[in-house]
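Examination of the molecular architecture
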Amino acid sequence: MGNVYLALVHHPVYNKHLEVVTTSVTNLDIHDIARSSRTYGIKNYYIVHPSSTMKQLINKVLNFWQEGYGASYNPDRKEAFRIVKLVDSLEDVMLDIEKIEGKKPLTVSTDARLYPNTVSYNFLRKKIKDDENPYLLLFGTGWGLVREVMESATYILEPIYGPTDYNHLSVRSAVAIILDRLLGEEWFCK
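Residues numbered from 1 in each chain as written. Predicted model: local features only at pLDDT ≥ 70, side-chain atom pairs only at ≥ 80, totals over all residues. Heavy atoms only, no water.

Going by what an unreviewed UniProt entry lists, the protein is known as tRNA (guanine-N(1)-)-methyltransferase C-terminal domain-containing protein and is assigned to Carboxydothermus hydrogenoformans.

Our next topic: the layout of surface pockets. In this structure, the largest pocket occupies an estimated 640 Å³ of space. Along its surface, the largest pocket is lined by 29 residues, and Ala-112, Gly-140, Gly-142, His-168 and Leu-169 are the ones closest to its centre. Broken down by secondary-structure element, the contributors of at least two residues to the lining of the largest pocket are β8 (135-140) and α8 (171-183). Its residues placed into classes, the lining of the largest pocket shows 12 nonpolar, 12 polar and 5 charged. Quantified by volume, the second largest pocket comes out at close to 230 Å³. Leu-90, Glu-91, Met-94, Val-149 and Ser-152 are, among the 13 residues lining the second largest pocket, the residues nearest its centre. Listed by contribution, the elements that provide at least two residues to the lining of the second largest pocket are α5 (90-101), β8 and α7 (147-152). It is α5 that provides the largest number of residues to the lining of the second largest pocket, a total of 3 residues. Residues belonging to the lining of the second largest pocket are distributed by class as follows: 7 nonpolar, 4 polar and 2 charged. (1 Å grid on protein atoms, 1.4 Å probe; cavity = no way out; pocket = protein on both sides within 12 Å on 5 of 7 lines; lining within 4 Å. Points joined across faces, edges and corners; volume = space filled by probe spheres on them. Helix = DSSP H or I, 4+ residues; strand = E, 2+ residues; numbered from the N terminus. Nonpolar A, V, L, I, M, F, W, Y, C, P; charged D, E, K, R; others polar.)

This part is about the side chain of Thr-107. Along the chain, Thr-107 falls in strand β6 (residues 106-110). Excluding residues within four positions of it along the chain, Thr-107 makes contact with Met-94, Leu-136, Leu-138, Ser-152, Ala-153, Thr-154 and Tyr-155. (Contact = heavy atoms within 4.5 Å.)

Taking the UniProt record as the reference, the feature "domain: tRNA (guanine-N(1)-)-methyltransferase C-terminal" (unreviewed entry) is found at residues 3-184. The distance from the first to the last C-alpha atom of residues 3-184 is 15 Å, and the span holds 45% helix and 19% strand. (UniProt positions renumbered as here; feature names shortened; annotations may be inferred.)

Grouped together as the largest cluster of nonpolar side chains are 37 residues, with contacts concentrated most on Tyr-45, Phe-81, Leu-124 and Leu-182. Leave out the neighbours within four places in its chain, and Leu-124 touches Val-108, Val-119, Tyr-135, Tyr-155, Leu-157 and Leu-182. Residues Ala-7, Val-87, Leu-145 and Ala-153 belong to the second largest nonpolar core, which totals 19 residues. (Core = buried A, V, L, I, M, F, W, Y, C linked by side-chain atoms within 4.5 Å. Buried < 20%, exposed > 50% of the residue type's maximum accessible area, 1.4 Å probe, protein only.)

Put into structure tokens, the structure is as follows:
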């Protein structure tokens, strides 16, 4: 399953008024998603952010844990950050994956809502396992990926539901749950 990539998209996404915005980066998302991605064999974890100021901040965090004191203090974090790539846009992600794989990835958008081309975890898990194509899992920040990104996706993954009517997970929690459902051990089938 070495053909799965992940992108955390900070632009273009919606705010709570459904306006297209660029969201801020959170330190926890950088760390926790890198660790989850490395644990589940994600080939590259892309942080998509167009702001030069935010990219400086992200690079400062990445450099501290990869080259600075943090690299020797916490080698596990250094290992997780090895797969992190900072890019300006989704187009840059697609071009990078195409350069690595020799073809464009199939894209999988995530959202807390249902869409006509929504697929189940079991369907996508089987596709990833049986297919040679690269896959790119897209996670939006803020209030989710813009409509154009959702509509252009090859697949849209079904929402994560809990036992209540409340449905507003942090993106890092959603990433961990989804990676386990798609790429984790099949403990639930035993």
